[in-house]
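Coordinate analysis (summary)
Residues per chain, in single letters:
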Amino acid sequence: MMRSTRLHHITLAAALLCSLTAGQALAQEAAKPGSGFLPPASSNAKVIDSIHVVVNDEVITKNEVRNRLAQTTQNLKARNMQMPDQSVLERQVVESMIVERAQIQLAKEMGVRVSDRQLDATIGRIAENQKMSVQEMRNQMEKEGMTFAQFREDIRNEIMLSQLREHEVDAKVQVSEAEIDTYLVASKAAAAEKVEMNLAQILVAVPENASPEQIAARRARAEEVVRQLRTGADFAKMAATYSDAPDALKGGDIGWRDPDRLPPVFATELRKLNAGQVTPIIKTNVGFHILKMADKRSLAAAAEAGKEVIQQTRASHILMKPTPTMDVAAVKRKLLEIKEKIANNAGTFEDLARQYSQDNTTAVKGGDLGWLAPGDAGPEFDQAFATLKPNEVSDVIESPFGYHLIRLVERKSEDVSQQKERNQARQVLRERKIQEAMEDWIRQVRDRAYVEFREEA
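Just so it is clear, the model here is predicted, and its values are computed rather than measured. (Residues numbered from 1 in each chain as written. Predicted model: local features only at pLDDT ≥ 70, side-chain atom pairs only at ≥ 80, totals over all residues. Heavy atoms only, no water.)

Focus on the overall build of the protein
Tallying secondary structure elements over the protein gives 16 helices and 11 strands in all. Classification of the 457 residues of the protein by burial places 43% in the buried group. Here the contacts in the protein between residues at least 6 apart in sequence split such that 70% fall between residues at least 24 apart. With the model as given, the accessible surface of the protein reaches about 24700 Å², and the carbon-plus-sulfur share is 50%. (Helix = DSSP H or I, 4+ residues; strand = E, 2+ residues; numbered from the N terminus. Buried < 20%, exposed > 50% of the residue type's maximum accessible area, 1.4 Å probe, protein only. Contact = heavy atoms within 4.5 Å. Areas by Shrake-Rupley, 256 points an atom, 1.4 Å probe, with all protein chains shown as cover.)

Section: the sheet that holds strand β11 (residues 451-453)
Strand order in the open sheet made by the 3 strands is β2-β1-β11, with antiparallel pairing throughout. Two strands close off the open sheet at either side, each with one partner strand: β2 (58-61) and β11. Ignoring strand direction, the axes of neighbouring strands in this sheet form an average angle of 20°. Where strand β1 (residues 51-55) meets β11, 3 bridges bridge the pair, whose relative direction is antiparallel. (Pairing = 2+ DSSP bridges. Axes fitted to C-alpha atoms, helices over the stretch in contact; angles between N-to-C directions.)

Considering the environment of Leu 249
Topologically, Leu 249 is positioned in the loop between α10 (235-242) and β4 (253-257). The contact partners of Leu 249, leaving out residues within four places of it in the chain, are Thr 72, Leu 76, Met 81, Leu 89, Gln 92, Val 93 and Ala 240.

Thoughts on the sheet that holds strand β3 (residues 195-205)
On the basis of which strands lie adjacent, the open sheet formed by 4 strands has the order β4-β3-β6-β5 and antiparallel pairing. For this open sheet the edge positions go to β4 and β5 (282-283), each flanked by a neighbour on one side alone. In this sheet, β4 lies alongside β3 in antiparallel orientation, the contact comprising 4 bridges. Across the sheet, Asn 198 pairs through a bridge with Trp 256, a residue of β4. Sheet strands touched by helix α9 (residues 212-230): β3, β5 and β6 (287-298). Its angle to β6, the strand with the most contacts, is close to 35°.

Here we look at the side chain of Arg 407
Examined against the element boundaries, Arg 407 turns out to sit in strand β10 (residues 402-415). A polar side-chain atom of Arg 407 sits 2.6 Å from a polar atom in the side chain of Glu 350. Apart from residues no more than four positions distant in its own chain, Arg 407 is found in contact with Arg 314, Ala 315, Ser 316, Phe 349, Glu 350, Asn 391, Glu 392 and Val 393. (Polar contact = N/O pair within 3.5 Å; in protein donor to acceptor, adjacent residues only side chain to side chain.)

So, the environment of Asp 85
Position of Asp 85 among the secondary structure elements: in the loop between α3 (62-78) and α4 (86-109). Judged by its relative accessible area of 51%, Asp 85 falls in the exposed class. Separated by 156 residues in sequence, Asp 85 and Thr 241 have C-alpha atoms that sit 7.5 Å apart.

Thoughts on the packing of aromatic side chains
Two numbers describe a pair of aromatic rings. These are the distance of the centres and the angle of the planes. Per the stated rule, a full pass over the model turns up 2 aromatic pairs. Judged by centre distance (6.1 Å) and plane angle (75°), the ring pair of Phe 381 and Phe 385 falls under edge-to-face. Within this pair, Phe 381 and its partner Phe 385 are both found in helix α15 (residues 379-387), separated by 4 residues, close to a single helical turn. Classification of Phe 381 by relative accessible area gives buried; the value is 4%. Judged by its relative accessible area of 6%, Phe 385 is buried. Geometry around Trp 256 places Arg 297 over its ring, the cationic atom sitting 3.7 Å from the centre. Here the guanidinium or amino end of Lys 412 rests over the ring plane of Trp 371, the centre of that ring lying 4.5 Å away. (Phe/Tyr/Trp six-rings, centres within 6.5 Å; stacked < 30°, edge-to-face > 60°. Lys NZ or Arg CZ within 6 Å of the ring centre and 35° of its normal.)

Description of the nonpolar core
Among the nonpolar cores identified, the biggest contains 42 residues, and Ile 60, Ile 123, Met 137, Phe 151, Ile 155 and Trp 441 are the most heavily contacted of them. Looking at this core, the elements that each hand over two or more residues are β1, α3, α4, α5 (116-129), α6 (134-143), α7 (148-168), α10 and α16 (417-448). (Core = buried A, V, L, I, M, F, W, Y, C linked by side-chain atoms within 4.5 Å.)

Thoughts on the environment of Ser 115
Considering the arrangement of structural elements, one finds Ser 115 in the loop between α4 and α5. Separated by 41 residues in sequence, Ser 115 and Arg 156 place their C-alpha atoms 8.7 Å apart. A distance of 3.1 Å separates a polar side-chain atom of Ser 115 from the backbone nitrogen of Gln 118.

So far we have only geometry, and geometry alone does not tell us how the molecule works.
Printed below as a string of structure tokens:
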């Protein structure tokens, strides 16, 4: 039975790339000698599960494939996508399960472990995001036919995969200051044409160390896809049918992307397109790509719009706190006396801060707090700064720390956009490199795995 939309949302919230199916126990049984396991002995006993494919030293059973196929079919229908042929869909599902299983095996070999405490904390956050308790989420899942034990195993595997990818791909990606400089020069030159694109892709992958014949066969497959697209075939259906990318069963949907965050060879071709158009075949070290620009929108703005100017305030304060021998009223009276001395030039703010302030860190500096950005000292200070003029002293202000006299020394405005711009550029370049490295790494893991398909019994 297919799960409801509510369960689908819970699964999405768990950030599973592809949720593992509820046949893991069956897979363990199937790994034992023989082609399958039998129900209790009877005159009409028959095999109820069998091995579909062997991945290294583990198996994926037919029940696992059926469960994943049913879930994928539900997801495709929920997206109102045209369904590929059942045999094609099954091939895509099996391939995604092979890649997933090979990665999980590698994670275990490398010693990646997820403790029960870490797992419980993650599941707690998932439930919180769904505005449910863990027990309510569990009840909902079991009502829809998914065991909570299997859900826990799915989340454990996804955490393992995330940690593996961080170690094998993310941690190895570096961005230099020179790369940031080059990127910023290029991006500023193209600022007037800045757009964001809603993309989908079809990838016909080429195995690592492929022979010329294999490469020619894969190109022919990509050319056949292009031919069908030109004759009106639905892109999403073609992606679900032919694409080897992880997003194939989502119709190849990538979503809205800044072209600067894409490999340059993609961005170059995409910038030539209007909404709804498709690129020619693009060859990379991973394979042959066909990209569709479903839509695009302008992100151009005036150069000043990118600036972020914050107003900083230099201030001083005198802090006093109630004590058993000095209640709140007495503290307030003393601070007002100090303020009056300052107003009458009977003492400087700095000298009186050194004498009376109970903030040991700033008292020795005459109460100097230094330069403060909004929020640095708390809302009470921000409110006082908004009404004070330079060298003016506030009335008595209460904060969680006690009672203050605050003097505003001076104000200045500072443009912090440059550092923010460089941080954003670093992130863009890092994401671009990670995307390229991830596709290559996934292909390598798949190519290194021993995979054996079992014939139907």
